[in-house]
Amino acid sequence: MKAADIRRAFIDYFEERGHRIVDSSPLIPRDDPTLLFTSAGMVQFKEFFQAKDTARLSFTRAASCQKCLRAGGKKSDLENVGKTARHHSFFEMLGNFSFGDYFKEEAIAYAWEFTVEVLGLDPERVWATVHTDDDEARLLWLRYLPAERIVALGDKDNFWGPAGETGPCGPSSELYYDYGPGTGCGKESCRPGCECDRYVEFWNLVFTQFNKEADGSLTPLQKKNIDTGMGLERLASILQGKTNNFHTDLFQPLIRAASDYIGVDYEEKTALHFHIIADHIRALVFAFSDGVIPSNEGRGYVLRRILRRALRQSRILGYKKPFLYKLAGDVVSRYGDFYKELLPAAQHIQHLIKMEEERFLDTLDAGIAILEEECRTLRNEGGSVLSGQTAFKLYDTYGFPVDLTADILSEQGLRLDEEGFQRAMEDQKKRGRASWAGGSGEKRYLYVVEKGLPETSFTGYDTLEETGTLLFKTKTDEGWDLVFDRSCLYGESGGQAGDRGWLLAGDKELPVYDTQKAGGVHIHKIREGGESLEEGKPYRLKVDEETRLSAARNHTATHLLHKALKEVLGSHVNQAGSYVGPDRLRFDFTHFSKMSREEVAAVEEIVNKSIIANKPVTAAVMGQEEARKKGAVALFGEKYGDEVRVVSVEGVSMELCGGTHVERSGDIGPFIILSEGSLSAGVRRIEAVTGEEALHHIQDNQMLLEELSRAVKAEKGQLPERIEQLLKREKELHKEIEKLKMESASSDIDAIIAAGKSDKGLSLYTALLPEGDMKVIMETAQRVKDRASRKSVIVLAGAEGEKVNGVVMVTDDLKGEVKAGEIASGLAALLEGGGGGRPDMARFGGKQNGRLNEILEKAAEFIP
């Protein structure tokens, strides 16, 4: 049974049994700062599990095939990938879920029926484990299995949760497949729970039935849940008669393609390296398609490490060119039919991977050179242990794998301070966690789940005033958070800032300074007055029309900008982030080079032409599949429901979007790009303004041009030519000044030579010049040196405001006897400054303290 068929069979089976089939959520968890990546199927259903009851849930049973990534966090499998038969960084998790609907009896029945009747697994090879105290699960399994194939295990193996000290938790039951006595440890006592490979766990059923209290006691939950997870890779291995996941059709086509690309055979001695490559390329493709960008912190850092670990394998095999970007195309081809987001992102993914490959191959050579130099230093000093900090620098800065460092050290009879390296790694992980845990703002709104607050009915697309019943209020550090059943105020989401407005309470008009959104609930924020508001009572809400319209102008403009960028730069351009506020818009997009002035102007012109065309802007709700067929653009990493809102600018653009927009494109007014620059590797950022802000920008520039025209006495059309003339004249004057300075200094050369002193068998020439320009001082010192006698030291200085500059020069016949740098350092110390340089020429500087002549007289003291 091919992996694609297994995936399809699972989805069909549970859909036929009343489960809502939910698309995989992105690998970047939404609104969950506790997770680096989505690592289990239940992640996107957290709010369903946490709901107090089922009354407000849109469905109570679901099934999914979830993309998962375990790398970089507490449950990272990265270091074991390739070394074992079943560890992966990226994997697919099949899961069925019940939120207060069915419980153990149905969950166990479904698991057995799907395993034996649909997949056709030999029932004699299937075992189950249950928690030692879960008699209910044991009795249920006895309907399908003999008692000797039901194994009771303790908390370590068969109890899940809670995630923290307290919270939902419960026993679990796991299904195992027996590969037979020819596999594993061979002991008579061998059974599920043994560390050998004979029994392989493939399906975990979690029965969330308790709440763990602060005192450690377990209280039964009123709403019991089911959370199951089954790794597609393990299941494919079992059904395809393999004992190693890498031998299945999920990996073998990728391994064969990698072998062809690098010209190395896949065999026993190269298997480890090909397994790592095949695993890691899947992680890279799926993460990049969900919007992760390689960087030096957080998620981007983890993906950069994964890419470099994969590329390092090909180098070990003797291949030193980029190739992973080609292999990414094979991943897209094999998975694109099921994961629709891959195909539109393919070009972006391949560009990103190729850039990272080229960068790493350059730094890898640099890392090897640095390590070899460190090894030479160690041996010269009689040492044998490379510091962990040095190894970490190679790892962190140059992407140099620590196992490669250890291998090279071992070859040279040296070893690594592994404890020191681990300490440095832990420090880095703490910094990384700090960078991605910044989304913890969502935690402020946990009351949305804890109180079971329903989604707000948003009416703001059609009206700017609404009466809503106050469902909940809470005091905050900034004032009050308010939740209503209905609201016309837009809650911040999709890159668009939340609405501002007013709350009418009797004769009071309380300003709403921001509107946030969490779990579909709009949170209205006010500074004061919340203590007098009553829950259960209706209040009138009003949107600040001016700021709403300004934000709408900017939001519609981002859609036009997205389309224009694709037209000018190419179809590889995709939105990678945005901010839409009433004051400006910011648009991040995938592109791999700086835009030229001509490209920026072309994009700006296309957007303004679309605005002038005054096209109608419409919004329609339709099925997600229908929207895609119509050509609606979806955004990287976004999770959409079955029903989506499609915003169209007639004949120009069509995007999935929940934001507010103008009625016609002409309402946007002028559109001006303020800046275009780099955000990160492969991602650019444009900032722009529309409407009144754009008008103000035009007016400011107009006033500036008029002021410049008056200042340089030229018409606006002649400004470039006039400014060029002025700059040219300025350069000429600078040259004349430099010439005069040199002439002035040169006239002093005779006097400097004449004032020279003989001391310690050499000639010393010192002088305080009227000019403090270092260039003039250097030139003068060189001329003195050219005319001086043998064995001469020249020390010249000058003041430039409060700053002193000086030069020390030594004739060639004093090399080895007198060092200019030492003299410069000594004089600099007297000036509270710094100095140094070559043995024959050095500079010094410091503060003007009125004693410069006196200090120059001390130059002889620094000559040995």
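Description of the structure in this document. (Residues numbered from 1 in each chain as written. Predicted model: local features only at pLDDT ≥ 70, side-chain atom pairs only at ≥ 80, totals over all residues. Heavy atoms only, no water.)

**Considerations on the overall build of the protein chain**
Helix and strand content of the protein chain: 24 helices and 32 strands. Seen through its principal axes, the protein chain has C-alpha atoms that stretch 115 × 80 × 55 Å. Relative to its full complement of 864 residues, the protein chain shows a buried share of 51%. Put simply, 68% of the contacts in the protein chain that link residues at least 6 apart link residues at least 24 apart. Taken as a whole, the protein chain presents about 40,300 Å² of accessible surface, with 47% of it coming from carbon and sulfur. Taken together, the 114 basic and 137 acidic charged side chains of the protein chain have centroids lying 3 Å from each other. (Helix = DSSP H or I, 4+ residues; strand = E, 2+ residues; numbered from the N terminus. Buried < 20%, exposed > 50% of the residue type's maximum accessible area, 1.4 Å probe, protein only. Contact = heavy atoms within 4.5 Å. Areas by Shrake-Rupley, 256 points an atom, 1.4 Å probe, with all protein chains shown as cover. Lys, Arg positive; Asp, Glu negative; His and termini not counted. Charge placed at Lys NZ, Arg CZ, Asp CG, Glu CD.)

**Here we look at the pattern of salt bridges**
Scanning all chains against the criterion turns up 37 salt bridges. With a shortest N-O distance of 3.3 Å, Glu 136 and Lys 104 are connected by a salt bridge. Remark: Lys 104 occurs in helix H3 (residues 104–118) and Glu 136 occurs in helix H4 (residues 135–141); sequence separation between them is 32 residues. Between Arg 376 and Glu 373 there is a salt bridge, and its shortest N-O distance comes to 2.7 Å. Of this pair, Arg 376 and Glu 373 both sit in helix H11 (residues 342–380), separated by three residues, roughly a single helical turn. (Salt bridge = Lys/Arg side-chain N within 4 Å of Asp/Glu carboxyl O.)

**Section: the side chain of Arg 304**
Relative to the elements of secondary structure, Arg 304 occurs in helix H9 (residues 298–316). What makes Arg 304 buried here is its relative accessible area of 8%. Here the side chain of Arg 304 touches Ser 295 through a polar contact of 3.5 Å, landing on its backbone oxygen. There is a polar contact of 2.9 Å between the side chain of Arg 304 and the side chain of Glu 356. The contacts of Arg 304, once residues within four sequence positions are left out, are Pro 294, Ser 295, Asn 296, Glu 356 and Arg 359. (Polar contact = N/O pair within 3.5 Å; in protein donor to acceptor, adjacent residues only side chain to side chain.)

**A look at the sheet that holds strand E20 (residues 575–580)**
Across the sheet, which stays open at both edges, the four strands sit in the order E20-E21-E26-E25 with antiparallel pairing between neighbours. Each having just a single partner strand, E20 and strand E25 (671–680) make up the two edges of the open sheet. Between one strand and the next, the sheet's axes are offset by a mean angle of 15 degrees, whatever the strand orientation. Alignment of strand E21 (residues 585–590) against strand E26 (residues 683–690), held across six bridges, turns out to be antiparallel. By the bridge assignment, Asp 588 is partnered in E26 with Arg 685. Helix H19 (residues 691–712) rests against E25 and E26 of the sheet, and its axis sits at about 90 degrees to E26. (Pairing = 2+ DSSP bridges. Axes fitted to C-alpha atoms, helices over the stretch in contact; angles between N-to-C directions.)

**Let's talk about the sheet that holds strand E31 (residues 834–837)**
Read from one edge to the other, the open sheet built from six strands follows the order E27-E28-E29-E30-E32-E31, with strand pairing classed as mixed. The open sheet terminates on both sides in strands that have one partner only, identified here as strand E27 (757–759) and E31. On average, each strand axis in the sheet is inclined to that of its neighbour by 20 degrees, with strand direction left out of account. Pairing geometry for strand E30 (residues 803–810) and strand E32 (residues 841–847), over seven bridges, is antiparallel. Within E32, the position partnered with Lys 803 by the bridge is Lys 847. Sheet contacts for helix H22 (residues 774–787): strand E28 (762–769), strand E29 (792–800), E30 and E32; angle to E30, the most-contacted strand, approximately 25 degrees. Sheet strands touched by helix H23 (residues 820–830): E29, E30, E31 and E32. Its angle to E32, the strand with the most contacts, is close to 5 degrees.

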